[in-house]
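These are the residues of each chain, in order.
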Amino acid sequence: MTGIQIVLRTLHDGERALERELLAAADRHRVEHEFHHVARDIARWSHEHAERIAHAAEPHDLHLPGPTDQPEAAPPMATVREPLGRTLGRQPNPGLLLLRDLRDLHLAATENSLSWEMLAQVAQAAGDAELLDLAAACHPRTLRQLRWTNTMIKTLSPQLLASL
Amino acid sequence: MRPKVDRIARPWGDRAPYGRGEAWPVRVDSYLEPGTTADAVERWVPTASLLHSNGDAMEVAVAHDRIVGVRGRPADRVNHGRLGPKDLFGWQANHAKDRLTTPLLRDGGRLVPCGWDTAMDRIADRTRELLDESGPGAIGFYTTGQLFLEEYYTLAVIARAGIGTNHLDGNTRLCTATAAEALKETFGCDGQPASYTDIDHADVIALFGHNMAETQPVLWMRVLDRLAGPDPPRLVCVDPRPTPVACRAAVHLAPRAGTNVALLDALLHEIIRTGRIDRDFVDAHTVGFEELAERVADTTPDWAARICDVPTRKITEAAEILGGAERLLSTVLQGVYQSHQATAAACQVNNLQLVRGMLGRPGCGVLQMNGQPSAENTRECGANGDLPGFRNWENDTHVEDLARIWNVDPSRIPHYAPPTPAMQIFRYAEQGSLHMLWITGTNPLVSLPDLHRIREILGQARLFTVVQDLYLTETAQLADVVLPAATWAEKTGTLTNADRTVHLCEKAVDPPGEARPDLDILLDYARRMDFRDTDDRPLIGWHDAESAFEAWQECSRGRPCDYTGITYDRLRDAGGIQWPCTEAAPDGTERLYTDGISWAAPDDCETYGRDLLTGAAVSETEYRALNPDGKAVLKAAEYVPPHERTDETFPLQLITGRTLYHFHTRTKTARTPQLNAAAPEVWVEVSAAEALRHDVAEGDLVEVTSPRGSVRGRLRITGIRDGMVFLPFHYGYWDTPEGHRPGTNGGRAANETTVTDWDPVSKQPLFKTAAARLTLVEHGDGTGSPAPTTTASAPADPRHIPPTAGGPAAVAGQSGGEP
Ligand code: SF4
């Protein structure tokens, strides 16, 4: 696989995973209304990104599946980054669960952001204007996803943690 | 002009036409209760209106220590003597037989009378317990837009520096939060740019989701008088209902609910495409134009026409009028603020004004409106999710400044996270981390969305609720402690209207029984809690309205809402004065931004801004890079579809709204005979095509059901857009046998059906974007629905429906007068 292929595949997986996770977390926290609605709104961005990545990958001989229409249920990725959930108690406290989900979403978006960075860099090195445009169009939205999770954590954690 | 007119039948009275740039003629409106003549009035006490945001200056007539009527003040800048129907008649609610006259305490499931000491000790004890057990985050305050400035400021100091909680907000969150947020996003700081006098000069007035005729009837009279005069303005109206504004508009756009951003992006697209921008203004006073132009490059009228379901031609026509205006005034209200993408849409209206360079000159500006008499004061005093004086909670210098004024350590003022908005306060109560909620002057059990949920939250035994009000409202019925409050004309204080005009409202009569001014109640609480400052002096050093006002003046010094040049005495002499009013501007300030943008610099601004789609905070560093010179920010926004979509089960878009004759949850207006008779019962509004499709007719009893609940009412067929159903939100249960919830006759409160969803930027709940279905309960007997015929609810076919009229009981005086 070429470097471009590797990055495109990673990014494609990452965006699809983030969409799934956003929708799954939105579902888990239906009563956290702001979280629920915004998570669904910005899941659409990841959906669109995956679509555009798949499209852009074709000329690079990389055939990525289109985005799933009905994203599968949440992957067990939350278990990979467990510490906060573990330290903060075994009982399913919904406030803690929300903070954990926000943290996981933040980290997932960070991974994507770094991948976009790599794509932009390799696109420049290879003189690939199309991929550079793709990164320029999509990366800002990934950064917005990041800022959102960060803002939500900053806003909610004082109340949710101090009241334990 | 006739000397007397039925002001229920003719809510806006008779015309006094005037031309562009001329002075609005005076017309003095008055009403005295039957049997009282002007000579029987012992004194006239100056005040301003309470049942909307217009700030109409008036006087209360007193005879034998009782209010017997009102009249407008001819010399006041706001109303030139005029009054609206609610001003003329609403004061009678002060005399209602069921006013609360003694504190009540819950005892064995019942509310029983108790003295003030018992009630206040109970509240103070519970506060102390909670502070010990759980800390300040367990305590929250939910206030209103109907108290006085002095009361909000006192409440803000108690909550922020006394208790140290982040949880203080007003029902203004439902009303004016988006107006404030949109101004903050665009201008870096809150503060209404325009003035009501701009109506005298504008050649085009664009009303976005603003049924001015019903929300600010006196302001609408001003527009009507211009429309009747030479060189009248042209109106552009965006509203799904056939409001009186729509009926007078040159172009009326009736978009699908939740599509305002698409429509506004298309208008901006057209204006930029046709080159009708003021390039010099844009360069000198704004940042972000390139991004905005790029964002709207593809949002053509055709594209928006499909999303909004509005003819392309009408969008281009509207853009033509807006683009060709010489003096453009835009106004915005709940059709934008309570709808999907609220702040994003309101910001696009600001953008429209800015790219056209229409700001800070007579006739040019934007009025981001609000609905309650003192909503503006909650914003400036910091009782509406901001720090007092439009200070930035993220700017340490601003917090230190506040701490200096209060003589406390900055760490006592919570500023690690934004102040908590109302809907989130209720969420914390639901989720169990908030244990005490003190509600002043508002009735969430009718006014908040998704009432089933709100009833559950307020019904929890673990939540200690204090309700301070005039009557035993739906909310008060569930309280642990009920405090009887004095109201307008029974206490003194100031209020500031939607165009920054400050009025003094003086006490005219004593409150009933043991009822007390809200300020006295708050001061009593502060004493019992013994809040202290750094030098161990009482944190709250004032003792009455005027000394509270003076404390506020200090807090406002040097801030955009500077009150230092306004005193009670000056307000008595001069009538309404617009802030900022300082030594340099002793007569107040008519328009903001006459000389460029003044409060957007990174060190001055009230906020660094938010992402218009997600609500994510823009960091200080980002803001400094984006806007180093403190210009207006042209914030672009992409359209996203509304969250709750119609489908086969719920095929109609549901919106809620108000009527001219009522205010909020009818606590006062239903106790006013003329107003209540004009709109006595909830109704359901659909178009003729929709009625046909559902096989229902005018006057049929129908049920509107959403995924959350249902409401029953008689059907009114109007010119509302197809595919939509409208419910007035005023009706609750206090005057039904059940008291605070639906009974066997089904729901009556529109909020049984509304969705829990809010704008992520302004946190204002969305009352105007839900899905519902309509079913027949039983056919009517041909008498028609009880909805008013004089307003947006006018019947499409008026032939068999008696027109709304007040008869002899509603005849009020109107006369010309000297300005
Ligand atoms: S009716 Fe609407 S605009 Fe008026 S005060 Fe209430 S929420 Fe605000």
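A few points on the structure. (Residues numbered from 1 in each chain as written. Chains lettered and ligands numbered in written order. Predicted model: local features only at pLDDT ≥ 70, side-chain atom pairs only at ≥ 80, totals over all residues. Heavy atoms only, no water.)

### With respect to the overall build of chain B
(1) Moving on: The helix and strand tally for chain B stands at 26 helices and 29 strands.
(2) Moving on: In terms of principal-axis extent, the alpha carbons of chain B reach across some 65 × 65 × 60 Å.
(3) Moving on: Within the span of chain B, comprising 819 residues, buried residues form 69% of the whole.
(4) Moving on: Contacts in chain B between residues at least 24 apart in sequence constitute 75% of all its contacts with a sequence separation of at least 6.
(5) Moving on: Counting 82 positive and 112 negative side-chain charges, chain B places the averaged centre of each group 3 Å from the other. (Helix = DSSP H or I, 4+ residues; strand = E, 2+ residues; numbered from the N terminus. Buried < 20%, exposed > 50% of the residue type's maximum accessible area, 1.4 Å probe, protein only. Contact = heavy atoms within 4.5 Å. Lys, Arg positive; Asp, Glu negative; His and termini not counted. Charge placed at Lys NZ, Arg CZ, Asp CG, Glu CD.)

### Overview of the site of the ligand
(1) Moving on: Every residue close to the ligand is listed here: Cys175, Gln334, Gln338, Gly371, Gln372, Arg658, His664 and Phe729 of chain B.
(2) Moving on: Classifying every residue of the shell around the ligand gives two nonpolar, five polar and one charged. (Near = heavy atom within 4 Å. Nonpolar A, V, L, I, M, F, W, Y, C, P; charged D, E, K, R; others polar.)

### Let's talk about the interface of chain B and chain A
(1) Moving on: At the interface, 32 residues of chain B touch 22 residues of chain A.
(2) Moving on: Buried surface at the junction of chain B and chain A, summed over both partners, amounts to about 2,300 Å²; 50% is from carbon and sulfur atoms.
(3) Moving on: Per-residue buried area on chain B facing chain A is highest for Arg427, Thr614 and His643 of chain B; these three make up 19% of the total on that side.
(4) Moving on: Remark: the boundary between chain B and chain A carries twelve residue pairs in polar contact (both at pLDDT 80 or more).
(5) Moving on: A per-element tally of the side of chain B that touches chain A places helix α18 (residues 422–431) of chain B first, with four residues.
(6) Moving on: Taken together, the residues of the side of chain B that touches chain A break down into 13 nonpolar, nine polar and ten charged. (Buried area = accessible area lost by both parts, 1.4 Å probe. Polar contact = N/O pair within 3.5 Å; in protein donor to acceptor, adjacent residues only side chain to side chain.)

### As for the nonpolar core
The nonpolar side chains of soluble globular proteins are, as a tendency, buried together.
Residue and element names in this part refer to chain B.
(1) Moving on: Grouped together as the largest cluster of nonpolar side chains are 154 residues, with contacts concentrated most on Phe208, Trp220, Ile315, Leu322, Leu715 and Leu774.
(2) Moving on: With nine residues, helix α9 (residues 260–273) is the largest single contributor of residues to this core.
(3) Moving on: Contacts of Leu715, omitting those with residues within four sequence positions, involve Val684, Val686, Ala691, Val696, Ala697, Glu698, Gly699, Asp700, Val702, Leu774 and Ser785.
(4) Moving on: With 68 residues, the next largest nonpolar core counts Val466, Leu504, Met529 and Leu539 among its residues. (Core = buried A, V, L, I, M, F, W, Y, C linked by side-chain atoms within 4.5 Å.)

### Brief notes about the environment of Glu51 of chain A
(1) Moving on: Among the structural elements, Glu51 of chain A can be located in helix α2 (residues 33–57).
(2) Moving on: Considering only alpha carbons, one finds Glu51 of chain A and Leu18 of chain A, 33 residues apart in sequence, at a separation of 13 Å.

### Examining a negative patch on the surface
(1) Moving on: Together, Asp520, Asp544, Glu546 and Glu550 of chain B make up a negatively charged patch on the protein surface.
(2) Moving on: Structurally, Glu550 of chain B is set in helix α22 (residues 545–556). (Patch = residues over 30% accessible without salt bridge, like charges linked within 9 Å, V, L, I, M, F, W, Y side chains within 5 Å. Areas by Shrake-Rupley, 256 points an atom, 1.4 Å probe, with all protein chains shown as cover. Salt bridge = Lys/Arg side-chain N within 4 Å of Asp/Glu carboxyl O.)

### Thoughts on the packing of helix α5 (residues 129–162) of chain A against α18 of chain B
(1) Moving on: For the pair α5 of chain A and α18 of chain B, interaxial distance at closest approach is 12 Å and the crossing angle is 35°. α5 of chain A and α18 of chain B meet at a crossing whose hand is right-handed. Counted together, Thr155, Leu156, Gln159 and Leu160 of chain A of α5 of chain A and Gln424, Tyr428 and Gln431 of chain B of α18 of chain B form the full contact between these two elements.
(2) Moving on: Residues of the contact of α5 of chain A with α18 of chain B, tallied by class, amount to three nonpolar, four polar and no charged. (Axes fitted to C-alpha atoms, helices over the stretch in contact; angles between N-to-C directions. Left-handed = near helix turned anticlockwise from the far one by under 90°.)

### Concerning the packing of helix α2 (residues 116–133) of chain B against helix α21 (residues 518–529) of chain B
Two quantities define a packed helix pair, namely the angle between the axes and the distance from one axis to the other.
All names here are of chain B.
(1) Moving on: Closest axis-to-axis distance for the α2/α21 pair is 10 Å, and the angle between their directions is 55°. The orientation of α2 relative to α21 falls into the category oblique. Like other packed secondary-structure pairs, α2 and α21 cross with a definite hand, here right-handed. Each of Trp116, Asp117, Met120, Asp121, Ile123, Ala124, Thr127, Arg128 and Leu131 in α2 lies in contact with α21, whose residues at this interface are Ile521, Asp524, Tyr525, Arg528 and Met529.
(2) Moving on: Its residues placed into classes, the contact of α2 with α21 shows eight nonpolar, one polar and five charged. (Parallel < 35°, antiparallel > 145°, perpendicular 65-115°, else oblique.)

### Quick look at α22 of chain B
In an α-helix, one turn spans 3.6 residues, which is why side chains three or four residues apart end up on the same side.
Residues and elements named next belong to chain B.
(1) Moving on: With twelve residues, α22 extends 16 Å from end C-alpha to end C-alpha; this agrees with the ideal 16 Å at 1.5 Å per step.
(2) Moving on: By the criterion of burial, α22 is predominantly enclosed, with nine of the twelve residues buried.
(3) Moving on: Within the sequence span of α22, burial applies to Ala545, Ser547, Ala548, Phe549, Ala551, Trp552, Gln553, Cys555 and Ser556.
(4) Moving on: The inward-facing, buried residues of α22 abut α3 (149–163), α16 (375–381), α17 (396–406), β19 (493–496), α21 and α23 (568–574).
(5) Moving on: After α22 finishes, the residue Gly558 shows a positive phi value of roughly 80°. (Expected span 1.5 Å × (residues − 1).)

### Observations regarding the pairing of β19 of chain B
Residues in a regular strand point their side chains to alternate faces of the sheet.
All names here are of chain B.
(1) Moving on: Burial along β19 is two-sided: the face carrying Gly493 and Leu495 and the face carrying Thr494 and Thr496 are both buried.
(2) Moving on: Looking at chain direction, β19 and strand β20 (residues 501–505) are connected through four bridges and run antiparallel. Bridge pairing links Thr496 to Val502 in β20. (Pairing = 2+ DSSP bridges.)

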